[in-house]
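# Coordinates in review
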Amino acid sequence: SLRAGAPADVFILVPMSDWPSDPARGANDYLPLHAEALAALGRGAEAEALVAKYDKYLMPGQHARMARLLASAWVRSGDLARAQQALRAAGADADSSDAAGLIALYEGRLDAARALLRGSRDQSADMALVLGIVSRVRGDAAPQLGAAFLALARGDSVAATQRFVEAAERHPEAASAILLAAARVHAARNDTKSAVAVWQRIVEQYASAPEAAEAELEWARALRRSGDAAGAIAHLEHLILNAPQSALLPQARRELDLVRG
């Protein structure tokens, strides 16, 4: 569940109701799973309370791991001060963790973020988005991009989209990927009008970029949901003709069958 991007399922698969009968086993076998799930969800306070409750049952060497997971939880919720405090508690090996890399990104230190996140084993969609953008942005500093991801971690989607648009202007070499991140945030907020405006900009201004296919597919889906079947068909046919190598082509064909049906 953790690797598949469904961390909330951990609480169902390994319920805490099973722990009281054997708290030592719960601490050493199950606590890391719960702490990692809470970290993935950005629920730092809950992770910290849970680790504190079972701390006395942890085996030697587990405390540093728990501290790294707490740092990850805090950094994903945008609390950099607590994240840094947890990293200090984790010891020197935490300097190469994903949490340290994300802190560097949030602070706009792109050179450090790029180096630290290069070896990340995090397979979540959020990390894929970060890595996809960081790998394409040139230069060692990206304060607007860092501010965008920090706002996103803190749940401030309005500020995040604004900062992503600013970062796209600052980093034209990765503008299509950064704008697609802004569109995804708009779509997650059900702000279809704003999302469509960004998708349209990507399709029209960055037609040769790999993100153009996703932008046009999502634009077509929005048109279908709004009842504009003709517009959806036009964009899907355009996508199929102009992006024959895209991994999204099967989805575009299914969408075309759906809207025609």
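For the structure, check the block above.
What this report covers is the structure whose coordinates are included nearby.

What counts, and where the lines are drawn
Residues numbered from 1 in each chain as written. Predicted model: local features only at pLDDT ≥ 70, side-chain atom pairs only at ≥ 80, totals over all residues. Heavy atoms only, no water. Helix = DSSP H or I, 4+ residues; strand = E, 2+ residues; numbered from the N terminus. Expected span 1.5 Å × (residues − 1). Buried < 20%, exposed > 50% of the residue type's maximum accessible area, 1.4 Å probe, protein only. Arc of directions from axis to C-beta. Contact = heavy atoms within 4.5 Å. Axes fitted to C-alpha atoms, helices over the stretch in contact; angles between N-to-C directions. Parallel < 35°, antiparallel > 145°, perpendicular 65-115°, else oblique. Left-handed = near helix turned anticlockwise from the far one by under 90°.

## Some details on helix 15 (residues 249–260)
Helix length check: helix 15 (12 residues) gives 16 Å between terminal C-alpha atoms against 16 Å at 1.5 Å per residue, within 8%. Leu249, Ala252, Glu255, Leu256 and Val259 are the residues of helix 15 that are buried. When helix 15 is viewed along its axis, its buried side chains cluster within an angular range of 120° and face the same direction. Within helix 15, the exposed residues directed more than 90 degrees away from the buried face are Arg254 and Asp257. Against the buried residues of helix 15 lie helix 13 (211–225) and helix 14 (229–242).

## Here's the deal with helix 9 (residues 143–153)
Burial analysis of helix 9 places eight of its 11 residues in the buried class, which makes it a mostly covered element. If you check which residues of helix 9 are buried, you get Gln144, Leu145, Gly146, Ala148, Phe149, Leu150, Ala151 and Ala153. Lining the buried residues of helix 9 we find helix 4 (62–76), helix 5 (80–90), helix 6 (98–106), helix 8 (125–134), helix 10 (157–170) and helix 11 (175–188). With its phi angle positive at about 80°, Gly155 sits one or two positions after the end of helix 9.

## With respect to the packing of helix 9 against helix 10
Two elements in contact, helix 9 and helix 10, have axes separated by 8 Å at closest approach and are oriented at 160°. Classified by the interaxial angle, the pair formed by helix 9 and helix 10 is roughly antiparallel. Crossing handedness for the pair helix 9 and helix 10: left-handed. Of helix 10, the residues touching helix 9 (which contributes Gln144, Leu145, Ala147, Ala148, Phe149, Ala151 and Leu152) are Ala159, Ala160, Arg163, Phe164, Glu166, Ala167 and Arg170.

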